[in-house]
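Given next are the chains, with one letter for each unit.
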Amino acid sequence: MSIDWITVSAQIVNFLILVWLLKRFLYQPVIRAMDHREQRIAAQLNDAQARELKADNKAQEYQAMARELERTRDDILARAYEKAEQQKRQLLDEARREVTETRENWQRQVQQEKEEFLNNMRNQISSTIQNIARKALGDLANAKLEEQMIISLINRLDSLDRQSQALLQKASQQTSEPVRITSTFKLDPAARDRLTHAIHTHFADGIAVEYDESSELLCGITLTAGEGQLSWNLADYIQRLSQDAEKALSPAAHSETEKE
Amino acid sequence: MTISPDSIIFWQWGAASLNATIVYTWLVMALLTLISWLATRRFSSGTKISRWQNLLEVLVAGIRDQIKQVSHQQPGKYLPFVGTLFLFIAMANLLNVVPGYMAPTGSLSTTTALAICVFVAVPIYGIAYEGPLNYLAHYVRPTLLMLPFNIIGEISRTIALAVRLYGNIMSGTVIVAILLSLTPYFFPVVMQLLGLLTGMIQAYIFAILAMVYIASATSAHAEKQVPAKTENQN
């Protein structure tokens, strides 16, 4: 158990050298590496935090955008709905108008056809009645239809009440035109004389009388004095007949008939 | 029987001699330096590290933690000194398993040298912390009468430090040598294993005691720091 002081001093030096060597090759590198790692981890954590914050901000931004988008979408949908409604109304109106137009056209056409039919019927009836009347008068009384018309007009003139007669006279006095006899057939001179005589009797002696023919009357004879008029016309009867026929052809009459 | 490696002389030139203690010390120094250099030259500061780096980081971090626990101070200034004490003694003792090797710590000259280093380091650290007057004031506390006892205590603990390490390692070597001559097969191996354990424990004890002495020299400073820390924690 001896101490070699030379060895002791050598060992002190050795130890101090070892301290330096280990400090240089062990402690410093290890601590530096650990510190660097710590710093790096801290930096990464900070970075991650910053990124998370950024991501949060971004997420909020996107959420806001999504909300905005939704709102815009709702607006657009509302506008589109409104527009569609408007268009629907417009189309419906157009369709209604078209239907109305078509119906009116159709009604007009039906009316026209009805009128044509009635006209035809009137003409047909007129000629038929004329033939029947002519034949019946010829067979029964050996009388002519034209003759009977003249007699009928003269009878009417005779049987006019005072008031009507006064009105007719007044009308003939107010105009400078002669009294006009219009017939659908040609009047022979004897018939003209009778008529002229009757007019002179009822109006004034020497009043001018003119005779002419017109197919517009259908079948009849008319006396015209100014604005006053007196006539016997088959058209009146036919008119009444066609009115009855029209009434019979109308849907109301039809439905009544069905009810019955 | 050779007890101390001091007595094995490899080379002699006048009064200067190159004995086994110095040679094996150099061997230990070379090994430590080489391992450190090899391991740390490719150190990375990333998260993926080599096994050697991991080992050394665990070692250094462990020493730092121990210093921090004992001193309640930042370990940076004490790490080279205390850490080297531990690593040198541990490595010197561990190599005992190598046949033909003699631990330099089994020489009283080595342990004395280490104890002297501690003996010198304590006042150096104390003065560096508190200034010479404050440090020297420790010796006359609580009264001037305590000065001689403090000085005796300082010296005796240094001697105890040296002799404790020397005694433990030397005794281990001696016991193995004696057992080898008595029961050559089983017991020496067991004693070798026990010697490894003792060697590690002694390295730990030496380093921790050195740190305790240094810490006690800077205790005034540490006491000021600790309440401040606890206040902060509260």
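What you see is a predicted model, and the numbers here were worked out from it, not measured in a lab.

Here is what the cut-offs are and how they apply
Residues numbered from 1 in each chain as written. Chains lettered and ligands numbered in written order. Predicted model: local features only at pLDDT ≥ 70, side-chain atom pairs only at ≥ 80, totals over all residues. Heavy atoms only, no water. Domains from an automatic or database assignment. Contact = heavy atoms within 4.5 Å. Buried area = accessible area lost by both parts, 1.4 Å probe. Salt bridge = Lys/Arg side-chain N within 4 Å of Asp/Glu carboxyl O. Nonpolar A, V, L, I, M, F, W, Y, C, P; charged D, E, K, R; others polar. Helix = DSSP H or I, 4+ residues; strand = E, 2+ residues; numbered from the N terminus. Expected span 1.5 Å × (residues − 1). Buried < 20%, exposed > 50% of the residue type's maximum accessible area, 1.4 Å probe, protein only. pLDDT = per-residue confidence, 0-100. Patch = residues over 30% accessible without salt bridge, like charges linked within 9 Å, V, L, I, M, F, W, Y side chains within 5 Å. Areas by Shrake-Rupley, 256 points an atom, 1.4 Å probe, with all protein chains shown as cover.

Turning next to the domain arrangement of chain A. Residues and elements named next belong to chain A. Domain annotation for chain A reports domain 1 (57-142) and domain 2 (144-259). Each side of the interface is counted separately: domain 1 has 14 residues, and domain 2 has 14 residues. Between domain 1 and domain 2, roughly 1,200 Å² of surface is buried when both sides are summed, and carbon and sulfur atoms account for 75% of that area. The interface formed by domain 1 and domain 2 includes zero salt bridges. Partitioned by chemical class, the residues of the side of domain 1 that touches domain 2 number seven nonpolar, four polar and three charged.

Under the 1.5 Å per step criterion, the end-to-end length of helix α3 (residues 79-94) of chain B is 21 Å for 16 residues, consistent within 8% with the ideal 22 Å. For α3 of chain B, the tally of buried residues reaches 15 of 16 residues, placing the bulk of the element in the interior.

Here we come to the confidence of the model for chain B. Detail in the predicted coordinates should be disregarded across regions flagged by low pLDDT. Residues and elements named next belong to chain B. For chain B, mean pLDDT is 84; residues scoring 70 or higher make up 92% of the total. Helix α8 (residues 219-233) is the least confidently modelled element of chain B, averaging 46 in pLDDT, while α3 averages 94, the highest of any element. Throughout residues 220-234 the model reports pLDDT below 50, and contacts reaching past four residues in sequence, or to other chains, amount to ten contacts.

All names here are of chain B. Together, Phe-119, Val-120, Ile-124, Ile-151, Ile-155, Ile-159 and Val-163 line one region of the surface with nonpolar side chains, adding up to about 570 Å² of accessible area. Elements represented by at least two residues in the nonpolar patch include exactly α4 (108-130) and α6 (147-182). It is α6 that provides the largest number of residues to the nonpolar patch, a total of four residues. Inspection of the secondary structure assignment puts Ile-151 in helix α6.

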